[in-house]
Amino acid sequence: MVEDPKRSAEFVEALAKGIAVIECFDAAHPDMTLSEIARRVGLSPAAARRSLITLSALGYVGSVGKRFFLKPKVMTLGSGFYFAARIDEILLPELRQIVETHGDAASIAMLDGHDVIYIAHHSTQRARRATAVVGARYPAHATSLGRVLLAGLPKTELERYFARVEPKALTSRTVTDKNALRALIDEAGERGYATTVDQLDFGITALAVPIRNAEGKVTAAVNSSGYSGLIGPDQMVTDRLGDLRVAAGRISAAAARTPALSAALNG
């Protein structure tokens, strides 16, 4: 864990370490030893052990032998936001409408550092592909949602992003060259939408548009995605762009009437 000089004197380091331990588990690391956890989080083994003992006592972490894993109770940490922001009442109906009209899948995401984090998703697809469940996060550079969100950043924040990010290839088609990526993000800002083909995973073509608050700031994005073998980006723009923009407008208006969702989207 890197120390942030801007942290308040009231910043609770122990709490931050515990959250970091929870966040270090993922699909590639479903269970780990103490030393593996300490290494991934950047803690000493003693500090990682204290966090694990606390999380185990609270019911968020379990262990078998020397390997630790997350327990179902950890899901309650995100459910509070889901219900307070009324995701099922406000966002899911819009995604269901998109999918009912066009098929395939639809998602809403926000920018979190160099990644996008999905806050709502609906799909009819059953094929094996990158999972877009609520809470999933993926590199922003490789998603239509991420490119729209990056295009909405103030210039100084976008420059900071490019100074720090090291885009990685997730497929052989993923754009990783920073100059090429910057051009695509600029284009998304000019057009008001972004398309991607086989960037995050093979077989995914996606189209995303921004969701703005009352002041016009981009706070989230909504997309529609389909199988690359059946639909290309041009056809997706022709068929779906108008409906996505209407949905984005309705989501923006609904969020303005919902304090918890408005606060979450506005960071």
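Everything that follows concerns the structure shown earlier in this document.
Read on for an overview of the structure. These numbers were taken from a predicted model, which means no experiment stands behind them.

Here we look at the pattern of salt bridges
Logical step 1: Using the criterion set out here, one finds 11 salt bridges in the structure.
Logical step 2: Notably, a salt bridge pairs lysine 178 with glutamate 166, separated by 3.7 Å at the nearest N-O pair. Here the residue lysine 178 occupies a position in helix H8 (residues 178-191), and glutamate 166 occupies one in the loop between helix H7 (155-164) and H8, the gap between them amounting to 12 residues.
Logical step 3: On the basis of relative accessible area, lysine 178 is assigned to the partly exposed category, the value being 26%.
Logical step 4: For glutamate 166, a relative accessible area of 54% puts it in the exposed group.
Logical step 5: For glutamate 187, the salt bridge is made with arginine 191, and the minimal N-O distance between the two is 3.7 Å. Separated by 4 residues within a single helix, glutamate 187 and arginine 191 lie in helix H8, roughly one turn from each other.

So, the pairing of strand E5 (residues 115-123)
Consecutive side chains of a regular strand alternate in pointing toward one face of the sheet and then the other.
Logical step 1: Pairing of strand E4 (residues 105-112) with E5 involves 8 bridges; the strand directions are antiparallel. Residue pairing for E5: methionine 110 is matched across the bridge by isoleucine 117.
Logical step 2: Taking the residues between adjacent antiparallel strands as the criterion, E4 and E5 are bridged by 2 residues, where glycine 113 takes a positive phi near 70°.

What counts and how
Residues numbered from 1 in each chain as written. Predicted model: local features only at pLDDT ≥ 70, side-chain atom pairs only at ≥ 80, totals over all residues. Heavy atoms only, no water. Salt bridge = Lys/Arg side-chain N within 4 Å of Asp/Glu carboxyl O. Helix = DSSP H or I, 4+ residues; strand = E, 2+ residues; numbered from the N terminus. Buried < 20%, exposed > 50% of the residue type's maximum accessible area, 1.4 Å probe, protein only. Pairing = 2+ DSSP bridges.

Bear in mind that shape data such as this cannot, by itself, settle questions of function.
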